[in-house]
Amino acid sequence: VQLVESGGGLVQPGGSLRLSCAASGFTFSSYHMSWYRQAPGKERELVARITSTGYSTNYADSVKGRFTISRDNAKNTVYLQMNSLKSEDTAVYYCNAQKTGPPLWIYWGQGTQVTVSS
């Protein structure tokens, strides 16, 4: 099982980034997918989640209207489009997979750093 994030980097405030998470080793379409983030000294928090079919999404209040989560089940990939980035979005972003039914397997990626700074 692998979740490999990419697309992180340094961006100026107001800029955009698109994160990708490529999944392998499990049935991607049977898993809800999420993006979490963890800033230095803070707990890991849920940023956005998309159901296995892609029909439903939800977001943290802090990113609503700025971030968009999507998935391509044919490519086993989930995305996070991040617009209007703020310094407080600086964190390591992690991809998460949660199986829709029992057993409730959960997988994590290794994380990708996003730094928003001028």
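Preceding this paragraph is the structure being described.
As the structure is a computational prediction, the values presented were derived from the model and not from experiment.

Caption draft 1: Spatial organisation of the overall build of the protein chain. Along the backbone of the protein chain there are 0 helices and 11 strands. The helix and strand sequence of the protein chain, counted from the amino end, reads β-β-β-β-β-β-β-β-β-β-β. A compact globule built from 118 residues should have a C-alpha radius of gyration of about 13 Å, and the protein chain, at 14 Å, falls within 12% of that. Reported as C-alpha extents along the three principal axes, the dimensions of the protein chain are approximately 45 × 25 × 25 Å. Looking at the 118 residues of the protein chain, the share that counts as buried comes to 42%. Pairs at least 24 residues apart make up 53% of the contacts formed inside the protein chain by residues separated by at least 6 positions. On the protein chain, roughly 6100 Å² of surface is accessible, and the fraction owed to carbon and sulfur atoms is 48%.

Caption draft 2: Main features of unusual backbone geometry. Look at the link from Pro102 to Pro103: it is a cis peptide, with omega at -10°. For Pro103, the location among the structural elements is in the loop between strand E9 (91-99) and strand E10 (106-108). The phi dihedral of Asn76 falls on the positive side, at around 55°, and the residue is not glycine. Its place among the elements puts Asn76 in the loop between strand E7 (67-72) and strand E8 (77-82). A positive phi angle, close to 50°, is found at Ser84, a residue other than glycine. Structurally, Ser84 is set in the loop between E8 and E9. The class of Ser84 is partly exposed, set by a relative accessible area of 41%.

Caption draft 3: Fine view of the sheet that holds E8. Across the sheet, 4 strands lie side by side as E1-E3-E8-E7; this open sheet has antiparallel pairing. Each having just a single partner strand, strand E1 (2-6) and E7 make up the two edges of the open sheet. Along the sheet, successive strands turn relative to each other by an average axial angle of 15°, direction set aside. Note: strand E3 (residues 17-24) against E8, 6 bridges, orientation antiparallel.

Caption draft 4: Molecular detail of the side chain of His32. Tracing the backbone shows His32 in strand E4 (residues 31-38). For His32, a relative accessible area of 16% gives the class buried. From its side chain, His32 meets the backbone nitrogen of Ser52 in a polar contact 3.0 Å long. In contact with His32, other than residues within four places in its own chain, are Arg49, Ile50, Thr51, Ser52, Arg71, Asn96, Ala97, Gln98 and Thr100.

Caption draft 5: Inspection of the nonpolar core at higher detail. Of all hydrophobic cores here, the largest spans 30 residues; its most connected members are Leu3, Met33, Trp35, Val78, Leu80, Met82 and Tyr93. Every element with two or more residues in this core is listed here: E3, E4, strand E5 (45-50), E7, E8, E9 and strand E11 (112-116). Ignoring sequence-local partners within four residues, the contact set of Leu3 consists of Cys21, Ala22, Ala23, Phe26, Met33, Cys95, Asn96, Ala97, Tyr107, Trp108, Gly109 and Gln110.

What counts as what
Residues numbered from 1 in each chain as written. Predicted model: local features only at pLDDT ≥ 70, side-chain atom pairs only at ≥ 80, totals over all residues. Heavy atoms only, no water. Helix = DSSP H or I, 4+ residues; strand = E, 2+ residues; numbered from the N terminus. Rg over C-alpha atoms; globule rule 2.2 N^0.38 Å. Buried < 20%, exposed > 50% of the residue type's maximum accessible area, 1.4 Å probe, protein only. Contact = heavy atoms within 4.5 Å. Areas by Shrake-Rupley, 256 points an atom, 1.4 Å probe, with all protein chains shown as cover. Pairing = 2+ DSSP bridges. Axes fitted to C-alpha atoms, helices over the stretch in contact; angles between N-to-C directions. Polar contact = N/O pair within 3.5 Å; in protein donor to acceptor, adjacent residues only side chain to side chain. Core = buried A, V, L, I, M, F, W, Y, C linked by side-chain atoms within 4.5 Å.

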